[in-house]
Amino acid sequence: MQPVVYGDSKDGAFGIRLRPVLDEQGGTGKIVNAEGLTGERQVWGKPSNWCDYSGTIGDKKVGVAILDNPENPRHPVRWHARGYGLFAANPFGVAAFTNDKSQSSPQTVAPGKSLRYRYRVIVHPGDVQSADIAALYSSYIAGK
């Protein structure tokens, strides 16, 4: 048996694709991370405990948040968040996001071993503030 090697890539490992009406580009969407950075340009490739993508469908504000578990390897995860409605947790990309090949860090899983990642997905009414994603993350990591 050979080890499995996950290369350093910008593509996410766990992600969600939203309806076009929720896109940041041409839709009503807004991307926000735990540090309060907003929009694809600020959030893309940055490490953060969570990322939220919300907007309006009809007359309803709705959103989706992905929370990174603190026990995950490489926590906080980097986010492959795009204005076209995609956002994904990416524990494998470092050099791909920093544009610094010296930071390349593929992950290797030895034969018979495993690699475990856990995320919580919250589909919520409202935006990141009204859904209080920061408090939901605090509850999540407290085990409540």
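Residues numbered from 1 in each chain as written. Predicted model: local features only at pLDDT ≥ 70, side-chain atom pairs only at ≥ 80, totals over all residues. Heavy atoms only, no water.

### Regarding the sheet that holds strand 9 (residues 119-125)
Part 1: An order of 3-4-5-9 is seen for the four strands of this open sheet, with the pairing classed as antiparallel. This sheet does not close on itself; its edge strands, each paired only once, are strand 3 (30-33) and strand 9. With strand direction ignored, the average angle separating the axes of adjacent strands in the sheet is 15°.
Part 2: Of the strand pairs in this sheet, strand 4 (residues 50-57) and strand 5 (residues 60-68) are connected by eight bridges, and their pairing is antiparallel. Bridge assignment links D52 to a residue of strand 5, and that residue is A65. (Pairing = 2+ DSSP bridges. Helix = DSSP H or I, 4+ residues; strand = E, 2+ residues; numbered from the N terminus. Axes fitted to C-alpha atoms, helices over the stretch in contact; angles between N-to-C directions.)

### Considering the pattern of salt bridges
Part 1: Under the criterion given, the structure shown has three salt bridges.
Part 2: The shortest N-O distance in the salt bridge between K10 and D11 comes to 3.4 Å.
Part 3: Of the residues examined, K10 reaches a relative accessible area of 36% and is grouped as partly exposed.
Part 4: Among the residues examined, D11 registers a relative accessible area of 44% and is labelled partly exposed.
Part 5: Note that R118 and E71 form a salt bridge whose closest N and O atoms lie 2.6 Å from each other. Note that R118 is positioned in the loop between strand 8 (107-109) and strand 9 and E71 in the loop between strand 5 and strand 6 (78-81), a separation of 47 residues in sequence.
Part 6: According to the relative accessible area criterion, R118 is partly exposed, its value standing at 28%. (Salt bridge = Lys/Arg side-chain N within 4 Å of Asp/Glu carboxyl O. Buried < 20%, exposed > 50% of the residue type's maximum accessible area, 1.4 Å probe, protein only.)

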